Amino acid sequence: MTKKPTNGHAPAGNGTRRHLRSQDWFNNPHNPGMTALYMERYLNFGLTRAELQSGKPIIGIAQTGNDLSPCNRHHIELAHRVREGIREAGGIAMEFPTHPIQETGKRPTAALDRNLAYLGLVEVLYGYPLDGVVLTTGCDKTTPACMMAAATVNLPAIVLSGGPMLNGWHDGERTGSGTIVWKSRERLAAGEIDYEEFMEIVASSAPSVGHCNTMGTASTMNALAEALGFSLPGCAAIPAPYRERGQIAYETGKRIVDMVWEDLKPSDFLTRKAFENCIVVNSAIGGSTNAPIHINALARHIGVELSIDDWQKVGHDVPLLVNLQPAGFYLGEEFHRSGGVPTVIRELVKHKRIHEDALTVNGRGIGENCASAPKPDQDVIWAYDKPMVKDAGFLVLRGNLFDSAIMKTSVISKEFRERYLSNPKDLNAFEGRAVVFEGPEDYHERIEDPALGIDEHCVLFIRGTGPIGYPGGAEVVNMQPPAALIKRGILALPCIGDGRQSGTSGSPSILNASPEAAANGGLAILKTGDKVRIDLNKGSANILITDEELKKRHADLKAAGGFKHPPNQTPWQEIYRNTVGQQSTGACMELATRYQNVASAFGVPRDNH
């Protein structure tokens, strides 16, 4: 059953206003001393006592925009429209900052900050007089951090995506953010362009406010927020500068007030059906390999069973429908104009791949929301039975190298497939000599070393780059071959690692390996020169050594005190390393997953005076 929206000014049912938690701060006649203390300071910037004690919902705007987070910075302006929507629907807006996260700005990696931003937002949502919240999202980790926090506290919440940048252009060709970096560095290594040209080409991919205009992690996570039912239909793909972005900001502000009166919370729509829809949509859009980490984390915080294997079971046989870089040709503006996420979902519904009755934030089922979306144009969005790639979802691999790692099949190029996966006697499998790098610094220092003898029969490994080892899990697995191979036309070698890679990368790496080397997983005992075998048919990834040698290496590693990683540089790095889980289960702060439905389970917190 789906919840039908009410008029926003009374709850469904008896027609009387329900008690709102904010009134325990601002209008509690049983404790006049504390009511006065809470209320008086919120009057000092112009709010009135009548407003605060009116019984109107107080709506938080979780502001992720700031100068350190340029992908989300325009949310500072969009928040004005959100406020107007909240006021129009009879609510009171209170905007507050979140911990900044910028994928391309934060060292050693923005992944380190996802759990920190999550923690901070949990405390704000639970500890302050808020009845609901608008989550402003955009850059990669801002979206899961916000959704995870809202799931933990379980107040009415809605996502407002910031939207992608306008298309980038250089010499008459589209330049997609992130994707053009990886392509241009190949050209730089081949001697086709110089440093200045490299900088100029890459700069062209960021022509406006907004997040990545490719189907990187930012576009992926915002599309998946919509697929989960966490945002209004059509929200994810609207480019940041378009007028429709301001319009949906207004509508989002209006809708959250309705959601408060309806008591429509994340637990109502973040169901197993919603997560299965999310996996299917991720395959269809050519979504980022970072999605399983964040979505699995969200599922754990809301209390829904979801495993890394579900990404293959539910999503591998879903075709690629969206022709966006890095798996395709176009960029964000074309995706929006072609119908965005609703068109993709409509096509998937047509072929019974979507749970149509999965509830969304507007109180309707996702199938109903997308029923009138445009049909696929067979250019930017393809038909299910005439797709770009037939089986486009992730494969999950395991063996003595790791318990799990994933491979994005939609970006396997013709060149890569012909070289490594087309042996008629060993189809979809390959063997090679391992070349092991101890993190990105070692890779950059030694990749051109002729003594390594790297050729097309090698497999590049990088370790010490997972949640514990780096710390945070760095986007470094998409390693470029030596310049000599690039000049020969060999643009990609098999890459395997315990880190991540940018969703804007078209490398078919095997990544997110769990357990990581720093957790003494199989990658920790791998040696340069070892022969390894990858078999996509069997889903296996193994070092070709005897069981005795395998046991000996693990024993030697234990005797040596385990895999060494760099020292902590900040207090948070130490806390993070001591609490984080592995990427296969979401790289969550493990202790935090014990806290669910906090607002209802514990009620309002104790008084502060």
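Values in this document were obtained by computation on a predicted structure and should not be read as measured data. (Residues numbered from 1 in each chain as written. Predicted model: local features only at pLDDT ≥ 70, side-chain atom pairs only at ≥ 80, totals over all residues. Heavy atoms only, no water.)

### Focus: the overall build of the protein
Condition: Starting at the N terminus, helices and strands are each numbered in turn, a helix being any DSSP run of H or I of at least four residues and a strand any DSSP run of E of at least two. It is over C-alpha atoms that the radius of gyration is taken, and the globule rule equals 2.2 Å times the number of residues to the power 0.38. Only protein chains enter the accessibility calculation, which uses a 1.4 Å probe; a residue whose area is less than 20% of its type maximum is buried, one above 50% is exposed, and one in between is partly exposed. Working rule for contacts: check all heavy atoms of both residues, and any pair within 4.5 Å makes them a contact. Under the convention used here, a 1.4 Å probe and the Shrake-Rupley method define accessible areas, while residue burial counts only the protein chains that appear. Only four residue types enter the tally: Lys and Arg on the positive side, Asp and Glu on the negative side; His and the chain ends are excluded. Note on charges: their place is set at NZ of Lys, CZ of Arg, CG of Asp or CD of Glu.
Of the regular secondary structure elements, the protein holds 23 helices and 14 strands. In terms of overall dimensions, the protein is globule-like: its C-alpha atoms have a radius of gyration of 25 Å, near the 25 Å expected for 609 residues. For the protein, the spread of C-alpha atoms along the three principal axes comes to 80 × 55 × 50 Å. For the protein, the residues scored as buried account for 62% of the 609 residues in total. For the protein, restricting intrachain contacts to residue pairs at least 6 apart in sequence, the fraction spanning at least 24 positions comes to 77%. Counting only carbon and sulfur atoms, one obtains 52% of the accessible surface of the protein, whose full area is about 23800 Å². Each charge class in the protein can be summarised by its mean position, and for the 62 positive and 68 negative side chains these summaries are 4 Å apart.

### Re a negative patch on the surface
Stated precisely, the cut-off is as follows: Patches here are clusters of residues that have more than 30% relative accessible area and form no salt bridge, with a 9 Å joining cutoff for like charges and a 5 Å cutoff for nonpolar side chains (Val, Leu, Ile, Met, Phe, Trp, Tyr). A pairing counts as a salt bridge when a side-chain nitrogen of Lys or Arg comes within 4 Å of a carboxyl oxygen of Asp or Glu.
A surface patch of negative charge is lined by D171, E173, D194, E196, E197 and E200. With three residues, helix α8 (residues 195-203) is the single largest residue contributor to the negative patch. Note on placement: E173 falls in strand β6 (residues 173-175).

### What about the packing of helix α7 (residues 179-189) against α8?
To keep things clear, this is the line we draw: Orientation is described by axes fitted as lines to C-alpha atoms, over the contacting stretch for helices, and by angles from 0 to 180 degrees between their N-to-C directions. Every angle not falling under 35 degrees, over 145, or within 65 to 115 is termed oblique; those three ranges are roughly parallel, roughly antiparallel and roughly perpendicular. Crossing handedness follows the turn of the near helix against the far one: under a right angle anticlockwise gives a left-handed crossing, and clockwise gives a right-handed one. Under the scheme applied, nonpolar residues are Ala, Val, Leu, Ile, Met, Phe, Trp, Tyr, Cys and Pro; charged residues are Asp, Glu, Lys and Arg; polar residues are all the others, including Gly.
The contact between α7 and α8 brings their axes to 10 Å, and the two run at 165 degrees. The pairing of α7 with α8 is recorded here as roughly antiparallel in orientation. Here α7 and α8 pass one another in a crossing that is right-handed. Contacts between α7 and α8 involve I180, V181, S184, R185, R187 and L188 from the first element and Y195, F198, I201 and V202 from the second. Broken down by class, the residue content of the contact of α7 with α8 amounts to seven nonpolar, one polar and two charged.

### A few points about the environment of G60
Locating G60 in the fold gives a position in strand β1 (residues 58-63). A relative accessible area of 0% means that G60 is categorised as buried. Once residues within four sequence positions are removed from consideration, G60 is found in contact with M94, F96, L130, G132, V133 and V134.

### Concerning the pairing of strand β8 (residues 402-408)
Just so we agree on the cut-off: Only when DSSP finds a minimum of two bridges between them are two strands counted as paired.
Of all seven residues that make up β8, six are buried, and the element is covered over most of its length. Two elements, strand β7 (residues 394-399) and β8, share five bridges in a ladder whose sense is antiparallel. Residue L395 lies in a different strand from β8, and its bridge partner there is M407. The antiparallel hairpin formed by β7 and β8 contains two residues in its connecting segment.

### So, the pairing of strand β12 (residues 510-514)
Most of β12 sits inside the fold, with five of its five residues counted as buried. Examined bridge by bridge, β8 and β12 share three bridges and lie antiparallel to one another. Bridging across to β12, M407 finds its partner in I510.

### Quick notes on the sheet that holds strand β3 (residues 132-137)
Here four strands make up an open sheet; going across it, the order is β2-β1-β3-β4 and the pairing parallel. Edge strands, defined here as strands with exactly one partner in the open sheet, are β2 (92-97) and β4 (157-161). Averaged over all adjacent pairs, the angle separating strand axes in this sheet is 25 degrees, with direction ignored. Sheet topology note: the β1/β2 ladder contains six bridges and is parallel. What sits directly across from I61, in β2, is E95. Strands β3 and β4 of the sheet are contacted by helix α6 (residues 142-153), whose axis makes an angle of about 165 degrees with β3. Sitting on the sheet, helix α10 (residues 243-262) is in contact with β1, β3 and β4, with an inclination near 175 degrees to β4.

### Remarks on helix α5 (residues 111-127)
Going by this rule: Here the expected length of a helix is defined as 1.5 Å per residue gap, with one fewer gap than residues.
Spanning 17 residues, α5 covers 25 Å between terminal C-alpha atoms, matching the ideal 24 Å at 1.5 Å per step. Counting buried residues in α5 gives 12 out of 17 residues, a clear majority hidden from the surface. Of the positions making up α5, those classed as buried are A111, L112, D113, R114, N115, A117, Y118, L121, V122, V124, L125 and Y126.

### Quick look at the UniProt feature "domain: Dihydroxy-acid/6-phosphogluconate dehydratase C-terminal" (unreviewed entry) in the protein
Stated formally: UniProt positions are given in the numbering used here, feature names are shortened, and annotations may be inferred rather than shown by experiment.
As annotated in UniProt, the feature "domain: Dihydroxy-acid/6-phosphogluconate dehydratase C-terminal" (unreviewed entry) corresponds to residues 379-587 in the numbering used here. This span, residues 379-587, is 20% helix and 21% strand, and a straight line between its end C-alpha atoms measures 37 Å.

### Regarding the state of the cysteines
Note the following rule: What counts as a disulfide here is a pair of cysteine sulfur atoms lying within 2.5 Å.
By the definition in use, this model includes zero disulfides. No disulfide involves C212; its sulfur sits 5.8 Å from that of C71, the nearest cysteine. The cysteine C235 is free of any disulfide, with C370 supplying the nearest cysteine sulfur at 13 Å.

### What to know about the environment of A223
Relative to the assigned elements, A223 resides in helix α9 (residues 217-227). Distance in space between the C-alpha atoms of A223 and F45 is 37 Å, their sequence separation being 178 residues. Once residues within four sequence positions are removed from consideration, A223 is found in contact with A236, I285 and V341.

### Brief notes about the packing of aromatic side chains
Where we set the bar: Whether two aromatic rings pair depends on their centres lying within 6.5 Å, for rings of Phe, Tyr and Trp, where Trp uses its six-membered ring; planes under 30 degrees apart make the pair stacked, over 60 edge-to-face, and the rest tilted.
This model, assessed by the stated rule, comprises nine aromatic pairs. Geometrically, the ring pair formed by F230 and F269 is edge-to-face, given 5.1 Å between the ring centres and 75 degrees between the ring planes. You can see F230 sitting in the loop between α9 and α10 and its partner F269 sitting in helix α11 (residues 266-269), a full 39 residues away along the chain. A relative accessible area of 0% means that F230 is categorised as buried. Seen in terms of ring centroids, F329 and Y330 are 5.0 Å apart; in terms of plane orientation they differ by 80 degrees. Their pairing is edge-to-face. Three or more aromatic residues joined by ring pairs form one cluster here, namely F416, Y420 and F430.

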